[in-house]
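Observations on the three-dimensional arrangement
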Amino acid sequence: MDIYITNLKTEEQLRIPMLPEEISGTLGNKFTTYSIMQNGDVQIPNGTALDTYSWNAYFPGEARSQEPYIKGWTSPKTCDMFMRHLLTKEGKPIKARLLVTETQINLDVYLQSYAPTESGGYGDISYSVTFIRAKQIKIVKNSDETKEETAKEAERTSPPQAQTYTVVKGDCLWKIAQKFYGSGAQYTKIYDANKDTIGSNPNLIYPGQVFTIP
């Protein structure tokens, strides 16, 4: 299992170097009032609560960088700055992608809370973090607007056919997504469409593999 967090604004990605013991998820149902970041309350009849995912862990210091349980060590300060850059800036939340391999967690989120503390003699930073799912709010239009939108939709052409791509040496999903979508952060589209070929780890792809590009 691996945890990847991608800043969708800067396209930077962090692989959590030391996995937490557990990830807590909270799923709600039939909820009528949401408090969404800085935008106040939004009334939605019979809605669902915003999902949250949280855990407690460490960003391990260099003294533990070679330990077998560390995955792709990154300095604690770098990890800490990455998380801080996801905090709300000037009232605008920074959207991120949270991917936990071998689970169903693969979704857009906002950083709801992040509490780091320097601890221990290894140069670690202990932290707790909570992400809240980024959901789109659907607005119900009146009948005239709905008819107009339906007419516009009928004029649109059908989506392009899926393409295929053969992996070459030096490729990664991020580079392939940049090639086809202009944004490496869209790599999850390719991963989701080719899970049977790639397996549980999106970082392990091999020359000669043929991927469907949705």
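Conventions and cut-offs
- Residues numbered from 1 in each chain as written.
- Predicted model: local features only at pLDDT ≥ 70, side-chain atom pairs only at ≥ 80, totals over all residues.
- Heavy atoms only, no water.
- Pairing = 2+ DSSP bridges.
- Helix = DSSP H or I, 4+ residues; strand = E, 2+ residues; numbered from the N terminus.
- Axes fitted to C-alpha atoms, helices over the stretch in contact; angles between N-to-C directions.
- Phe/Tyr/Trp six-rings, centres within 6.5 Å; stacked < 30°, edge-to-face > 60°.
- Buried < 20%, exposed > 50% of the residue type's maximum accessible area, 1.4 Å probe, protein only.
- pLDDT = per-residue confidence, 0-100.
- Contact = heavy atoms within 4.5 Å.

Let us now look at the sheet that holds strand 7 (residues 95-100). Ordered in space as 2-1-7-8-9-6-3, the seven strands form an open sheet in which the pairing is antiparallel. At either margin of the open sheet sits one strand with a lone partner, and together these are strand 2 (13-15) and strand 3 (24-26). Averaged over neighbouring strand pairs, the angle between their axes works out to 30° when direction is ignored.

What follows covers the packing of aromatic side chains. Tallied over the entire structure, the rule returns five aromatic pairs. Centre to centre, the rings of Y114 and Y127 are 6.2 Å apart; their planes meet at 50°, and the pair counts as tilted. Residue Y114 is found in strand 8 (residues 106-119), and its partner Y127 is found in strand 9 (residues 124-133); the two are separated by 13 residues along the sequence. Take Y114: its relative accessible area is 12%, and that puts it in the buried class.

Regular strands place their side chains on alternate faces of the sheet. Burial within strand 9 is extensive, with eight of its 10 residues counted as buried. Strand direction decides the pairing type here: strand 8 and strand 9, joined by 10 bridges, are antiparallel. By the bridge assignment, S113 is partnered in strand 9 with T130. Between the end of strand 8 and the start of strand 9, which pair antiparallel, lie four residues, with G120 showing a positive phi angle near 70°.

Per-residue confidence for the protein chain averages 81 on the pLDDT scale, and 76% of its residues sit at or above 70. The model gives residues 30-34 a pLDDT under 50, and that stretch makes 23 contacts with residues more than four places away or in other chains.

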